[in-house]
Amino acid sequence: MPTLLSAWFNSHQPNLHPPSFYSLSLFRSSHPPPSPNPTLAMALSRFASSSRSGSLLKPLSSAISLRRPISTDTTPITLETSVPFTAHQCEAPSRTVQTSANELLTFFRDMALMRRMEIAADSLYKAKLIRGFCHLYDGQEAVAVGMEAALTKKDCIITAYRDHCTFMARGGTLLEVFAELMGRQAGCSRGKGGSMHFYKKDSNFYGGHGIVGAQVPLGCGLAFAQKYSKDEAVTFALYGDGAANQGQLFEALNISALWDLPAILVCENNHYGMGTAEWRAAKSPAYYKRGDYSPGLKVDGMDVLAVKQACTFAKEHALKNGPIILEMDTYRYHGHSMSDPGSTYRTRDEITGVRQERDPIERIRKLILSHDLATEKELKDIEKEVRKEVDDAIAQAKENPVPESSELFTNVYAKGLGVESFGADRKEVRATLP
Amino acid sequence: MLGVVRQKMLGQSLPKIRPAVSVLRSYSSAAKQMTVRDALNSALDEEMSADPKVFLMGEEVGEYQGAYKISKGLLEKYGPERVRDTPITEAGFAGIGVGAAYYGLKPVVEFMTFNFSMQAIDHIINSAAKSNYMSAGQMSVPIVFRGPNGAAAGVGAQHSQCYAAWYASCPGLKVLTPYSSEDARGLLKAAIRDPDPVVFLENELLYGESFPVSDEVLDSSFCLPIGKAKIERVGRDVTITAFSRMVGHALKAAEILEKDGIDAEVINLRSIRPLDRSTINASVRKTNRLVTVEEGFPQHGVGAEICASVVEESFAYLDAPVERIAGADIPMPYAANLERLAVPQVEDIVRAAKRACYRSVPLAAAA
């Protein structure tokens, strides 16, 4: 057995895989999964089916062991991120990450669901079932998923208008998303908010904000309140490279640093602020360094395990030492919004290049397959399931009614004091605010 | 029978009094059509060509050709010194614009929508509007702040507010609200040439609309006076004031009212500050009834100021209380059916005008 293993390790050349792929560390955990041994025929047929790794010199141990049902294997797997973290004013966390089959498959499923959801939203927008602004997140899924894996629901997340997937990661449902986008009652904001205004307060998700940069001081305010209440929890305030130059960000960071607030500022750097590339907007596009006195970390935002590792590190740091900046190097496949083709300020080659080399879902797929945690067919089945879930939610949302007219006047105030409010014709439509 | 014939002839003669605009629309070959977008673009182009001190600054105005394509082609024509793409930092670039104006340049600062101007409002009010006064005339601020204002379609609460009332309450500012392509060209040129800070409130939904433009309007010297309203439709029975997109609604309401025998006079305000009180009052003294229309929130709105002006100057001429049609007194909802209820519709204007016309006795004290 050891000779086969070492033979496999020797033959495992990193360049069999695309450059962005994980390099496997040379050790596995010491627990062999307890299982009956399959026949050799079965083992050989699995050799043939898992063709991705190519090499015949797969470790016999993995061929013989029966893979557990794909969603339950929590046997720790240790990996390295493909790119090390770059640190500013702090010690970078280790590249070595702990995960499991269960976690990787959950990541795969969650990201595939988000991807499908955003692509479906694109179609709905073009069919005019979604109106106004619609900012899609496809390409950036690893940030939402990796972050959520590092947090609890006691921690707060706040973001700007590219919020559909962050909402889902915090526990939102597909129906709430599609109903909100289509302006229906079952929407997370009962149809009154729209794409840019998703909220889920019971999961400490604070939206959903349309004015670039505004969410950062708000996030620092959440952190202030957490510290004030001694909650031992943190806030992740997300913003883009476009928002990174906003003055209010630096004002809020200064206060957070002075007061040691548990605030983590996360720059989702997708390299374009609407139509303006980062180098045209920022004198220093090294956003993780822009905190100056505040430490920062640059993270491969297309690598969900690196995102999780960085967020875990940041949470620990912020609880002890105050604010820290995380720069997630990520990419959006769509334009800024559905009104922006996304191709006038970047080349199609660049977009397809990122899709081929760095797509977060493809990375996890390759990882799962090369570790034999699932077959290609099983992953494709997950994608089919996810597609069906999305289609079902859309169908349900389409049947959902629009808000009642009386909703016009609800929630203007939390406490209405019995004042009157008016419609467009104040003599025709008036209501007492509840 | 003769009476009937006479009535019919009267009915037929009414179209003659209709505004030149709609007559020209039906004879499209007689006048050139121009979209508001092209009107703004051509005005910017001509003013930049005429005066090298004029420059444009804002998000996506250059390489992207303008978020709404208003500045299309200008970067190619005038170069990056005069068409400046800024980062998403309104407080910063608005302040920089005002500083440049102090020094004598003529900046045109674009806000992608006026909702974002709130990030820069200190510079608009404190740095621009008040400077000429505080310096006893040494520091005039020849700056134009322009961009789309008011509701679009389904853009939600943070992207739909109308800022006319807020800016127009501030002395030192001039606030303009074009409706047609002629307005867009004439008023933008006037704004750029004006030595004072001008807040130029466009409307996204009007950008694609076409209006006829005469040769005079197309001439590069064309300019409209600031502070003068335009009577878009002459009438006898009720005055309807409106600005920006609501002028179109008011004109449609007037057509409907005409069928019910109400002859409405529609005033396109064009300028919210200075407000053309004399035109408004002269009209109300003629018609004795007034409906004010605006998109923005009702409380302390433009209609409230117009009503106060008329009550102060033409009280004895009013035969009915002033009617106000405005946006609903709520943040803008997203859902299409709710949004429709939150923005004035043509039928709201018709209803209010009818109330103004049929009321001859004051309402019994309402609850």
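Look up a bit, the structure's there.
Residues numbered from 1 in each chain as written. Chains lettered and ligands numbered in written order. Predicted model: local features only at pLDDT ≥ 70, side-chain atom pairs only at ≥ 80, totals over all residues. Heavy atoms only, no water.

## Brief notes about the overall build of chain A
A count of helical and extended segments in chain A gives 14 helices and twelve strands. Burial status across chain A gives 56% buried among its 434 residues. The long-range fraction of contacts in chain A, counting pairs at least 24 apart against all pairs at least 6 apart in sequence, stands at 72%. Approximately 18700 Å² of chain A is accessible, and the part contributed by carbon and sulfur atoms is 57%. (Helix = DSSP H or I, 4+ residues; strand = E, 2+ residues; numbered from the N terminus. Buried < 20%, exposed > 50% of the residue type's maximum accessible area, 1.4 Å probe, protein only. Contact = heavy atoms within 4.5 Å. Areas by Shrake-Rupley, 256 points an atom, 1.4 Å probe, with all protein chains shown as cover.)

## Some details on the packing of aromatic side chains
Any pair of aromatic rings gets described here by the distance separating the centres and the angle formed by the planes. Applying the stated rule across the entire model yields 15 aromatic pairs over all chains. A centroid spacing of 5.8 Å and a plane angle of 35° characterise the contact between F224(A) and Y228(A), whose relative ring orientation is tilted. Of this pair, F224(A) and Y228(A) both sit in helix 8 (residues 215–228), four residues apart, which is roughly one turn of that helix. A relative accessible area of 36% means that F224(A) is categorised as partly exposed. We classify Y228(A) as exposed; its relative accessible area is 65%. With a centroid separation of 5.9 Å and 70° between ring planes, the pair formed by F114(B) and Y167(B) is classed as edge-to-face. You can see F114(B) sitting in the loop between strand 4 (106–110) and helix 6 (121–129) and its partner Y167(B) sitting in helix 8 (residues 164–168), a full 53 residues away along the chain. (Phe/Tyr/Trp six-rings, centres within 6.5 Å; stacked < 30°, edge-to-face > 60°.)

## A word on the sheet that holds strand 6 (residues 263–269) of chain A
All names here are of chain A. Pairing is mixed across the open sheet formed by six strands, whose spatial order is 2-9-10-6-5-4. The sheet is open, and its two borders are formed by strand 2 (86–88) and strand 4 (156–158), each paired with just one other strand. Each strand axis lies, on average, 20° off the axis of its neighbour in the sheet, ignoring direction. With six bridges joining them, strand 5 (residues 235–240) and strand 6 adopt parallel strand pairing. Along strand 6, the bridge assignment pairs L238 with V266. Sitting on the sheet, helix 8 touches strand 4, strand 5 and strand 6, and the angle it makes with strand 5 is about 175°. (Pairing = 2+ DSSP bridges. Axes fitted to C-alpha atoms, helices over the stretch in contact; angles between N-to-C directions.)

## Let's talk about the state of the cysteines
Cysteine pairs can be linked by a disulfide, which is a covalent bond between their two sulfur atoms. Residue and element names in this part refer to chain A. Here the structure, examined in full by the defined rule, presents zero disulfides over all chains. Counting only cysteine sulfurs, C156 is the nearest neighbor of C220, a cysteine outside any disulfide, at a range of 12 Å. This cysteine, C311, is not joined by any disulfide, and C267 carries the nearest cysteine sulfur, 13 Å off. (Disulfide = S-S within 2.5 Å.)

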